[in-house]
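Topology and contacts: notes
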Amino acid sequence: MRHAVRALHSCVLRRLQVQVQLDLPLKASVTPVTRWCRRMFSDEAHATHLDRGEVVARVLDVVKTHPKADPTKVTESASFQDVGLDSLDTVELVMSIEEEFAVAIPDAEADKISSCPEAIEYIASHPSAK
Amino acid sequence: MRRRLAMWTASHLMRPLPGPGEVHVWCLFPEDITGEDTALCKIYKELLSPSEKTDIAQCSSNPKMQTQKLLARTLVRTTLARYASGIVAPSSLRFTKNEFGKPNVIWPVKRLDDWRPPSLCFNLTHTQSLLMCAVTQKAEVGIDVEERERKFTRDLMALARRQLSPEEADWLSQFTDPNEQRCQFMQLWTLKEAYVKALGKGISKAPLKEFTFTFDASSPTVLRNLKQAVTIPISLSRAVDNSDDAWQFLLLQPSASHYASICTQILPSSTFEQGSLQLEGWSNHNNLQVQLWRTVPLVRDEELEGAVALALSDPLSS
């Protein structure tokens, strides 16, 4: 039993490091162990959307770090053009946003993202975004 | 400065219109302006509309962006006014955008004796070091310019797989020299952008991956303009706009450090017939007639030296 608990303990720690947002149900004494494991590793446990404030902050951060972006113009409502980026820069930027949030944006959707609000909206409404 | 401007106004605002199959391209190199910075830029600012001035004022934290915007608006206004026989001042033009953001010009004077506003199509493109404005009569036109040495933040082939058609990406992957690969990518990019801009319907109606440009190095042709340049034929696989429109493409280096592409609509000869007048060579023309100028608006124009044509499409095959 102790071995199993230790194994579970290390699982919990690993999950905690990866999923900062995860609110672990620390009721091991009440919930059967097997069901708790399944819940922890199932998608439902961490498919809550990211907090919008965090999405905004992280998107704007990615935009600001683009070498051609003027950081003083990067706001929640700015278009990428406002910030000094052309169409090729925009493509690169969208790829960087995908990387930041570990999502793959389909071409048809990616073509529509040409501003901070559009990027924020896409990420905020996609549960798979991390 | 004043006397120079007056002389310019007299002679340079009487530019003949581009003929059928002709594209006029006005090139502005910001490096040409540095010497006369403040005074000339002040004069340029006076040509702009209130909303254009506001737009520029809002970039006060970014002087480079301010200059870009100022020069872009100056170029397009002074360029179009050239074709108005001295009747229209650059500052009096108004601009609207279609639902996809493609700009259109509204002439302030609809009629003056026998003069009517010309049916001009135009398109603007710019990088930090070069701005270009292409003008045609009646034929839709698109132009895109990029710096050859443009830096990428991401892996080029990843970008290529994303934005080019599968065939183009495969073709690009064959280049082993990264420099060469980057140059070829830039050339393809300008061609694709010029096409989308000419279509004027935005990228969603003409997704970049759905059309392919192919270069055929095995049978170069001689271009009759651009100083007898030898060019490589390019062809476009199936047009994306589902119309019967025909398009012609020219890829060139307007300077040693830039690539540019021009895309223009090929119109049926009936578009230009005025009674029995038909311009010589029109029904037979195979090569796009492109004229390029290097301009410092309101100061001087000269023929653009050193432009090199790289590839031209055969209008019959696209």
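Definitions and cut-offs
- Residues numbered from 1 in each chain as written.
- Chains lettered and ligands numbered in written order.
- Predicted model: local features only at pLDDT ≥ 70, side-chain atom pairs only at ≥ 80, totals over all residues.
- Heavy atoms only, no water.
- UniProt positions renumbered as here; feature names shortened; annotations may be inferred.
- Helix = DSSP H or I, 4+ residues; strand = E, 2+ residues; numbered from the N terminus.
- Buried < 20%, exposed > 50% of the residue type's maximum accessible area, 1.4 Å probe, protein only.
- Contact = heavy atoms within 4.5 Å.
- Phe/Tyr/Trp six-rings, centres within 6.5 Å; stacked < 30°, edge-to-face > 60°.
- Lys NZ or Arg CZ within 6 Å of the ring centre and 35° of its normal.
- Pairing = 2+ DSSP bridges.
- Axes fitted to C-alpha atoms, helices over the stretch in contact; angles between N-to-C directions.
- Parallel < 35°, antiparallel > 145°, perpendicular 65-115°, else oblique.
- Nonpolar A, V, L, I, M, F, W, Y, C, P; charged D, E, K, R; others polar.
- Core = buried A, V, L, I, M, F, W, Y, C linked by side-chain atoms within 4.5 Å.
- Buried area = accessible area lost by both parts, 1.4 Å probe.
- Salt bridge = Lys/Arg side-chain N within 4 Å of Asp/Glu carboxyl O.
- Polar contact = N/O pair within 3.5 Å; in protein donor to acceptor, adjacent residues only side chain to side chain.

- Labelled according to an unreviewed UniProt entry, chain B appears under the name holo-[acyl-carrier-protein] synthase, originating from Sphagnum troendelagicum.

- An unreviewed UniProt entry lists chain A under the name Acyl carrier protein, with Sphagnum troendelagicum as the source organism.
- For chain A, the Function (unreviewed entry) comment in UniProt is given as "Carrier of the growing fatty acid chain in fatty acid biosynthesis."
- Quoted straight from UniProt, the Subcellular location (unreviewed entry) entry for chain A says "Mitochondrion".

1. What about the overall build of chain A?
- A count of helices and strands for chain A gives six helices and zero strands.
- Scanning chain A from its N terminus toward the C terminus, one meets helices and strands in the order α-α-α-α-α-α.
- Split into buried and exposed, the 130 residues of chain A put 40% on the buried side.
- A sequence separation of at least 24 residues applies to 58% of the contacts in chain A between residues at least 6 apart.

2. Digging into the packing of aromatic side chains
Residue and element names in this part refer to chain B.
- For the structure on display, the rule yields 12 aromatic pairs over all chains.
- Centre to centre, the rings of Trp 107 and Trp 115 are 6.5 Å apart; their planes meet at 80 degrees, and the pair counts as edge-to-face. Just as Trp 107 is buried, Trp 115 falls in that class too.
- An aromatic cluster of three or more residues is present, and its members are Tyr 195, Phe 211, Phe 213, Trp 247 and Phe 249.
- Over the aromatic face of Phe 211 sits the side chain of Lys 192, whose NZ or CZ is 4.4 Å from the ring centroid.
- Here the basic side chain of Arg 294 rests over the ring of Phe 29, its NZ or CZ set 3.8 Å away from the ring centre.

3. Details of the pairing of strand S5 (residues 130–137) of chain B
Residue and element names in this part refer to chain B.
- The element S5 is extensively covered by neighbouring structure, given that eight of its eight residues are classed as buried.
- Burial of S5 is two-sided: the residues Leu 130, Met 132, Ala 134 and Thr 136 facing one way and the residues Leu 131, Cys 133, Val 135 and Gln 137 facing the other way are all buried.
- For strand S4 (residues 120–127) and S5, the ladder comprises eight bridges, and the chain directions are antiparallel. Its bridge partner lying in S5, Thr 127 is registered against Leu 130.

4. Quick look at the sheet that holds S5 of chain B
All names here are of chain B.
- Taken together, five strands build an open sheet; the order of strands is S4-S5-S1-S12-S13 and the sheet is mixed. Both outer strands of the open sheet, S4 and strand S13 (300–303), are each paired with one neighbouring strand and no more. Across the sheet, the mean angle separating the axes of adjacent strands is 25 degrees when strand polarity is ignored.
- Pairing geometry for strand S1 (residues 22–28) and S5, over five bridges, is antiparallel. By the bridge assignment for S5, Leu 28 is matched with Leu 131.

5. A few points about unusual backbone geometry
- For Ala 102 of chain A, which is not glycine, the phi torsion reads 50 degrees and is therefore positive.
- Residue position: Ala 102 of chain A is located in the loop between helix H4 (87–101) and helix H5 (107–110).
- Although it is not a glycine, Leu 298 of chain B adopts a positive phi angle of roughly 75 degrees.
- Here Leu 298 of chain B shows up in the loop between strand S12 (289–296) and S13.

6. Topic: the UniProt feature "domain: Carrier" (unreviewed entry) in chain A
- Residues annotated in UniProt with the feature "domain: Carrier" (unreviewed entry) correspond here to residues 53–127 of chain A.
- For residues 53–127 of chain A, helix accounts for 53% and strand for 0%, while the C-alpha atoms at its two ends are 15 Å apart.

7. Some thoughts on the packing of H4 of chain A against helix H7 (residues 178–199) of chain B
- H7 of chain B packs onto H4 of chain A with a crossing angle of 110 degrees between their chain directions and a minimal axis gap of 11 Å. One way to sum up the angle between H4 of chain A and H7 of chain B is to call them roughly perpendicular. Where H4 of chain A approaches H7 of chain B, its residues Ser 87, Leu 88 and Val 91 of chain A are matched on the opposing element by Phe 185, Met 186, Trp 189 and Glu 193 of chain B.
- Taken together, the residues that form the contact of H4 of chain A with H7 of chain B break down as five nonpolar, one polar and one charged.

8. Some thoughts on the nonpolar core
- If you look at the biggest cluster of nonpolar residues, it comprises 33 residues, and the most contacted ones within it are Phe 185, Tyr 195 and Phe 249 of chain B.
- Those elements that place two or more of their residues in this core are H4 of chain A together with helix H5 (156–163), H7, strand S7 (213–215), strand S9 (230–236), strand S10 (246–255) and strand S11 (258–266) of chain B.
- If you tally residues by element for this core, the top one is H7 of chain B, at 11 residues.
- The residues contacting Phe 249 of chain B, other than those within four sequence positions of it, are Leu 191, Tyr 195, Phe 213, Ile 234, Leu 236, Ile 262, Cys 263, Ala 311, Leu 312 and Ser 313 of chain B.
- Core analysis: the second largest hydrophobic core is formed by 32 residues, Leu 48, Leu 80, Tyr 83 and Cys 133 of chain B among them.

9. Things to note about the interface of chain B and chain A
- Listed per partner, the contact involves 20 residues of chain B and 24 residues of chain A.
- Overall, the association of chain B and chain A removes approximately 1800 Å² of surface from exposure, summing both partners, and the carbon and sulfur fraction of that is 50%.
- The three residues of chain B that bury the most area against chain A are Arg 150, Arg 154 and Arg 162 of chain B, which together make up 38% of that side's buried surface.
- Between the two partners, chain B and chain A, sit six salt bridges.
- Of the charged contacts, one joins Glu 99 of chain A and Arg 154 of chain B as a salt bridge, the two residues approaching to 2.7 Å between their closest N and O atoms.
- Here chain B and chain A share 13 residue pairs in polar contact (both at pLDDT 80 or more) between them.

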